[in-house]
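Here's the letter readout for the chains.
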Amino acid sequence: MTNVMTRTTPRATASEAVSGLSRGLLLLMSVSTGLVAAGNYFAQPLLDVIRQDLELSTSTAAMVVTAAQAGYALGLILLLPLGDLLERRRLAVVLFGATAVFLLMSATAANGAVLLAGTAFAAITSVAAQVLVTFAVALADPEHRGRVVGTVMSGLLLGGLLARTVSGTLSEFGGWRTVYWVNAVLLTVVAVLLWRVLPRLHTPAGMSYPSLLRSTLVLFRTEPVLRWRAVIAALSLASFNVFWTSVTFLLVGDHYQWSEAVIGLFGLVGVAGTIATPVAGRLADRGYVQWVAGIGTALLAVSWLAIAAGATSLVWLLAGAIALTVAQQSVLNSNQNVIYALAPEIRNRLNSAFMTAFFVGGAAGSALTAAAWVRGGWAGVSALGGALALATFLVWVAERASSARATRTA
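Parameters and conventions
- Residue positions are given per chain, counting from 1 as you read along its sequence in written order.
- Local features in this predicted model are restricted to residues of pLDDT 70 or higher, and side-chain atom pairs are both shown and tallied only at a pLDDT of 80 or more, whereas totals for entire chains, interfaces and linings draw on every residue.
- As a rule here, side-chain values come from all non-hydrogen atoms in the structure, and water together with hydrogens is ignored.
- UniProt positions are given in the numbering used here, feature names are shortened, and annotations may be inferred rather than shown by experiment.
- Runs of H or I in DSSP of at least four residues are treated as helices and runs of E of at least two as strands, each being numbered from the N terminus.
- In this description the radius of gyration comes from C-alpha coordinates, and the expected globular size is given by 2.2 Å times residues to the power 0.38.
- Accessible area is worked out with a 1.4 Å probe on protein chains only. A residue is then buried under 20% of its type maximum, exposed over 50%, and partly exposed in between.
- Any pair of residues with heavy atoms lying within 4.5 Å of one another is described as a contacting pair.
- Accessible surface area values rest on a Shrake-Rupley calculation with a 1.4 Å probe, where residue burial reflects the displayed protein chains alone.
- When charges are counted, Lys and Arg are positive and Asp and Glu negative, with His and the chain ends excluded.
- Think of each charge as sitting on NZ of Lys, CZ of Arg, CG of Asp or CD of Glu.
- Note on aromatic contacts: the rings of Phe and Tyr and the six-membered ring of Trp form a pair at centre separations within 6.5 Å, being stacked when their planes are under 30 degrees apart, edge-to-face when over 60 apart, and tilted otherwise.
- Take a side-chain nitrogen of Lys or Arg and a carboxyl oxygen of Asp or Glu: if they are within 4 Å of each other, that pair is a salt bridge.
- Axis definition: a line fit to C-alpha positions, over the contact stretch in the case of helices; interaxial angles, taken between N-to-C directions, run 0 to 180 degrees.
- Angle categories: roughly parallel below 35 degrees, roughly antiparallel above 145, roughly perpendicular from 65 to 115, and oblique for all the rest.
- Left-handed is the label given to a crossing in which the near helix is rotated counterclockwise from the far helix by less than a right angle, and right-handed is the label when the rotation is clockwise.
- When residues are grouped by polarity, Ala, Val, Leu, Ile, Met, Phe, Trp, Tyr, Cys and Pro land in nonpolar, Asp, Glu, Lys and Arg in charged, and all others, Gly among them, in polar.
- To count toward a patch, a residue needs a relative accessible area over 30% and no salt bridge; like charges are then connected within 9 Å, while nonpolar side chains (Val, Leu, Ile, Met, Phe, Trp, Tyr) are connected within 5 Å.
- Expected helix span is computed as 1.5 Å times (number of residues minus one).
- The reported bend at a residue is simply the angle between two axes, fitted to the 7 residues ending at it and to the 7 residues beginning with it.
- Identification of polar contacts relies on pairs of N or O atoms within 3.5 Å, with a donor-acceptor requirement for protein atoms, meaning one able to donate a hydrogen and the other able to accept it, and with residues adjacent in sequence counted only if both atoms are side-chain atoms.

- Per an unreviewed UniProt entry, the chain is named MFS transporter, and its organism is Rhodococcus daqingensis.
- According to the UniProt record, the Subcellular location (unreviewed entry) comment for the chain is "Cell membrane".

1. What to know about the overall build of the chain
Here is step 1 of the chain: Secondary structure summary: the chain contains 15 helices and three strands in total.
Here is step 2 of the chain: Against the compact-globule benchmark of 22 Å for 410 residues, the chain has a radius of gyration of 20 Å, which places it among compact chains.
Here is step 3 of the chain: Taken along its principal axes, the extent of the C-alpha atoms in the chain is 65 × 50 × 35 Å.
Here is step 4 of the chain: Split into buried and exposed, the 410 residues of the chain put 57% on the buried side.
Here is step 5 of the chain: For the chain, the proportion of contacts with a sequence separation of at least 24, taken over those separated by at least 6, is 83%.
Here is step 6 of the chain: Of the roughly 15,700 Å² of accessible surface on the chain, 67% is carried by carbon and sulfur atoms.
Here is step 7 of the chain: Both charge centroids of the chain, one from 25 positive and one from 15 negative side chains, sit 9 Å from each other.

2. Topic: the packing of aromatic side chains
Here is step 1 of the chain: Within this structure, the stated rule accounts for 13 aromatic pairs.
Here is step 2 of the chain: Ring geometry for Phe243 versus Trp378: centroids 6.1 Å apart, planes at 70°, classification edge-to-face. Of this pair, Phe243 sits in helix H10 (residues 224-251) while Trp378 sits in helix H15 (residues 347-409), and the two are 135 residues apart along the sequence. For the pair Phe243 and Trp378, a shared accessibility class is recorded, and that class is buried.
Here is step 3 of the chain: For the ring pair Phe358 and Phe359, a centre distance of 4.9 Å and an interplane angle of 80° mean the geometry is edge-to-face.
Here is step 4 of the chain: Residue classification places Phe358 among the buried residues on the basis of a relative accessible area of 4%.
Here is step 5 of the chain: Classification of Phe359 as buried rests on a relative accessible area of 6%.

3. Quick word on the pattern of salt bridges
Here is step 1 of the chain: All told, the structure shown has five salt bridges when counted by the stated rule.
Here is step 2 of the chain: Its salt-bridge partner being Asp84, residue Arg349 comes within 3.0 Å of it at the nearest N-O pair. In this pair, Arg349 is assigned in helix H15 and Asp84 in the loop between helix H3 (58-78) and helix H4 (88-107), connecting sequence segments 265 residues apart. Exposure class is identical for Arg349 and Asp84. Each is buried.
Here is step 3 of the chain: By sharing partners, the salt bridges in this structure join Arg229, Glu399 and Arg400 into a single network.

4. Regarding the packing of H4 against helix H6 (residues 128-139)
Here is step 1 of the chain: Relative orientation of the contacting elements H4 and H6 amounts to 155°, with a least axis distance of 9 Å. Put simply, H4 runs roughly antiparallel to H6. Our pair here, H4 against H6, has a crossing hand that is left-handed. On H6, the residues that touch Arg88, Arg89, Leu91, Ala92, Leu95 and Phe96 of H4 are Ala128, Val131, Leu132, Thr134, Phe135 and Ala138.
Here is step 2 of the chain: Partitioning the contact of H4 with H6 into residue classes produces nine nonpolar, one polar and two charged.

5. With respect to unusual backbone geometry
Here is step 1 of the chain: In the Ramachandran plot, Gln257 falls in the positive-phi region, its phi being about 55° despite a non-glycine side chain.
Here is step 2 of the chain: Mapped onto the elements of the fold, Gln257 is located in the loop between H10 and helix H11 (260-266).

6. What about a nonpolar patch on the surface?
Here is step 1 of the chain: Together, Val279, Leu283, Tyr288, Trp291 and Ile295 make up a nonpolar patch on the protein surface, roughly 540 Å² of accessible area in all.
Here is step 2 of the chain: Breaking the nonpolar patch down by element, the ones donating at least two residues are helix H12 (273-285) and helix H13 (289-309).
Here is step 3 of the chain: Residue position: Val279 is located in helix H12.
Here is step 4 of the chain: Look at Val279 and you get partly exposed, because its relative accessible area is 43%.

7. Describing H3
Here is step 1 of the chain: Helix length check: H3 (21 residues) gives 30 Å between terminal C-alpha atoms against 30 Å at 1.5 Å per residue, within 8%.
Here is step 2 of the chain: Approximately 30° is the largest bend angle found in H3, and it occurs at Val65.

8. Considerations on helix H7 (residues 145-174)
Here is step 1 of the chain: For H7, which comprises 30 residues, the first-to-last C-alpha distance of 42 Å matches the rise-based estimate of 44 Å (1.5 Å per residue) to within 8%.
Here is step 2 of the chain: By the largest-angle criterion, Leu162 marks the main kink of H7, which is about 30°.
Here is step 3 of the chain: Gly175 sits one or two residues past H7 and shows a positive phi near 90°.

9. Examining the environment of Asn351
Here is step 1 of the chain: Checked against the element boundaries, Asn351 lands in helix H15.
Here is step 2 of the chain: Put simply, Asn351 and Pro81 are 270 residues apart on the chain and 8.3 Å apart in space, counted from C-alpha to C-alpha.

10. So, the environment of Gln44
Here is step 1 of the chain: Checked against the element boundaries, Gln44 lands in the loop between helix H1 (23-38) and helix H2 (47-53).
Here is step 2 of the chain: With 123 residues separating them along the chain, Gln44 and Ser167 place their C-alpha atoms 8.8 Å apart.
Here is step 3 of the chain: With residues up to four places along the chain from it excluded, the contact list for Gln44 reads Val65, Arg164, Trp244 and Thr248.

11. Quick word on the side chain of Thr99
Here is step 1 of the chain: As for its position among the elements, Thr99 is in helix H4.
Here is step 2 of the chain: Judged by relative accessible area, which is 2%, Thr99 ranks as buried.
Here is step 3 of the chain: Side chain to side chain, Thr99 and Thr125 meet in a polar contact 2.8 Å long.
Here is step 4 of the chain: When near neighbours in sequence (up to four residues on either side) are disregarded, Thr99 contacts Val36, Ala122, Thr125, Ser126 and Leu187.

Structure below.
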């Protein structure tokens, strides 16, 4: 299968287009992924104020977060494989524009049902972020793949983290709907910029859309590495989301009593995790990808000890949040580098299968959080998150043992 890259000028192969990934273009792609992914996190520091404004129960309010994760997972399995079928610049721009429209739907929601629908639809089309990730990988030199993935994923991470801060701040000044209006405008601008500066890239898979979807699902059967890494990713995001879904309820509670704006600022502590992403990418380029994964999964489990102590100690809560974010991003980056190296010609479908499992795990973590909080408060949440993190580490250990056995018998 030949990857074909087209511009208004003569065609060139994807490998010849490496020089087209300038620092400026890489930066734009990184910022764009952050902006389009941000909408999936706006509600997290606003759950309490949204609950009161729309007269929702705590469980229904928490479902807004679950709708974002589930919608993103649906978009990954239904839309991301289209990168192996359609011209990618057009696909990315259309998805950016659609996300802006659905954010406006959330901004004007009069009840919980409309907000949930707007959140879910915006999440489905926000897989534009992953379209840009594989786009950047296709343009990058293979020996710099880890750095490129790390850079673009840093933008995505920052978008999620800063979304919490910005939404909390704007809520104080203009209400919880304001951030949805602002992001819709920004995404419209980004869509125009991407249309002007992205090269045309078409990697036709030579099959129909239903066949494309079937071939994506079949990868779970034919690619054992994908299966292992998908489970590790799903468990790690489930653990991560347990914390970020529940921390708002802790911070508005009797011990902390924080406002929405201050809760939004708490998201800034996770910015430390952006340091880990490019570092993990560079280590992967140097052959240490498995070490990054192992240390990351171990740190993920240890971070929950600090988080549990954070029920009454801000210092421990901050330390746990930073450790959790660094660990999560290290694990994700190492997994992505392993997956992207399997078969470049089907990279969009590999990414679709992997990221679908990843966000299904995240949605499950968010959904379980509500029950854990209602039944056990912060102790119940910490037990759930810690158990998921420990399972992530144990699965990584099992995957390494399985790989060693396969190598010995080969």
